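# Examination of the molecular architecture
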Amino acid sequence: MCDECNHRAEINPLRAFDCKNPQCAEIMEGAPRITDHLCDDCREHYETVKRYLTASGLSFVEDTRLVRGLDYYTRTVFEVQVDNGMGSQNAIGGGGRYDKLAKEVGGRDVPGLGFALGYERCVLALEAAGVEFPNASTLDLFVACVDDSVRERAFSLVQECRDAGIATEMDHQQRSLKSQFKLADKLHAAQVAILGPDEVAQGCVKLRNMETHEEQMVAFDELIKVLCQ
Ligand SMILES: [Zn+2]
Ligand SMILES: [Zn+2]
């Protein structure tokens, strides 16, 4: 077998089922299958898992060669696949059980279970299933800079608003004021706070409601209160 498989034979021999080396694959064809060699406890556990899945109406395929890329799993590992519309790229995630991990890394002796989902694959699967996506969460406020001199003040204003729970963005690419408004539109900002040297000198922003186009001057220390109304 390849060096990697020989090395892993000590740590996690099951990983050899995953080796892309043709010679290893050939050897593993004749390798014993884990399901034929479970101890009584593991056998019972495995049967219970399958019973629960069936009782929950989840269809599953037993894959005696399934291996995950991490060595801490115990007993159950799984992959989640979608049936339709994804072709061969139909695995959207996977995970398993790790009964010894917490203790091994110095924690309490508690069992664990987890999985990772592929974000893009999930989006593709949802699209293939015809799921309609809700609008991306809208932006409460976009802080637009009239010129570069006010960027620093704008930046701290954005942080203050975010700290107050107001979803706030600003431009970070030196866009023109016009382009900043385009961006604010694209992000569905409810309000735009326009900040120029005059406003900074007066300690206020010009706040524009993007729906009604109404504008009002709002002092910095009133802004959060006004936005939260
Ligand atoms: Zn190998
Ligand atoms: Zn066992």
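Above this text is the structure in question.
What you see is a predicted model, and the numbers here were worked out from it, not measured in a lab.

## Remarks on the environment of N12
If you trace the backbone, N12 turns up in the loop between α1 (3-11) and α2 (22-29). Through-space distance from the C-alpha of N12 to that of V67 is 9.8 Å; in sequence the pair is 55 residues apart. In this view, N12 contacts L70 and D71; residues no more than four positions away in its chain are not counted.

## As for the sheet that holds strand β6 (residues 189-195)
Strand order in the open sheet formed by five strands is β5-β4-β6-β7-β8, and the pairing between neighbours is mixed. Each end of this open sheet is capped by a strand with a single partner; those strands are β5 (168-170) and β8 (215-219). Taking each pair of neighbouring strands and ignoring which way they run, the sheet shows an average axis angle of 30 degrees. Here six bridges tie strand β4 (residues 139-145) to β6, and the two strands are oriented parallel to one another. Of the residues in β6, the one forming a bridge with V143 is A193. Sitting on the sheet, helix α6 (residues 151-163) touches β4, β5, β6 and β7 (204-209), and the angle it makes with β5 is about 165 degrees. Most of the contacts of helix α7 (residues 177-186) go to β4, to which it runs at about 175 degrees, and overall it touches β4, β6 and β7.

## Regarding the sheet that holds strand β2 (residues 91-97)
Taken together, three strands build an open sheet; the order of strands is β1-β2-β3 and the sheet is antiparallel. This sheet does not close on itself; its edge strands, each paired only once, are β1 (77-81) and β3 (113-117). Averaged over all pairs of adjacent strands, the angle between strand axes in this sheet comes to 15 degrees, irrespective of strand direction. Taken together, the five bridges between β1 and β2 define a ladder with antiparallel strand orientation. Looking at β2, one finds that V77 is bridged to G96.

## With respect to unusual backbone geometry
Backbone geometry places H188, a non-glycine residue, at a positive phi of 55 degrees. Residues other than glycine seldom take positive phi values, yet H213 does so here, at roughly 65 degrees. On the secondary structure map, H213 appears in the loop between β7 and β8. For H213, a relative accessible area of 54% gives the class exposed.

## Describing the coordination of the zinc ion (ligand 2)
For the zinc ion (ligand 2), the full set of protein donor atoms is C39 (SG) and C42 (SG), and the range of their distances to it is 2.1 to 2.2 Å. Since its relative accessible area comes to 43%, C39 is described here as partly exposed. Residue class for C42 comes out partly exposed when judged on its relative accessible area of 22%.

Procedures and definitions
- Numbering of residues starts from 1 in every chain and runs along the sequence as written.
- By the order in which they are written, chains take letters starting at A while ligands take numbers starting at 1.
- Two thresholds apply to this predicted model, a pLDDT of at least 70 for residue-level local features and 80 or more for giving and counting side-chain atom pairs, whereas whole-chain, interface and lining totals are computed over all residues.
- The basis for every side-chain value is the complete set of heavy atoms in the structure, and neither hydrogens nor water enter the calculation.
- Each helix is a run of DSSP H or I of at least 4 residues and each strand a run of E of at least 2, with the numbering of both proceeding from the N terminus.
- In what follows, residue pairs with any heavy atoms lying within 4.5 Å of each other are defined as contacts.
- For two strands to be treated as a pair, DSSP must find no fewer than two bridges joining them.
- Angles shown run from 0 to 180 degrees and are taken between the N-to-C directions of axes, each axis being a line fitted to C-alpha atoms and, for helices, limited to the stretch in contact.
- The buried label applies to any residue whose accessible area, calculated with a 1.4 Å probe on protein chains only, is under 20% of its type's maximum; exposed applies above 50%, and partly exposed to all values in between.
- For Na, K and Ca the donor cutoff is 3.2 Å, while for all other metals N, O and S atoms count as donors only within 2.8 Å; water does not appear among the atoms, so some sites may look incomplete.

Coordinates in, geometry out; function isn't part of it.
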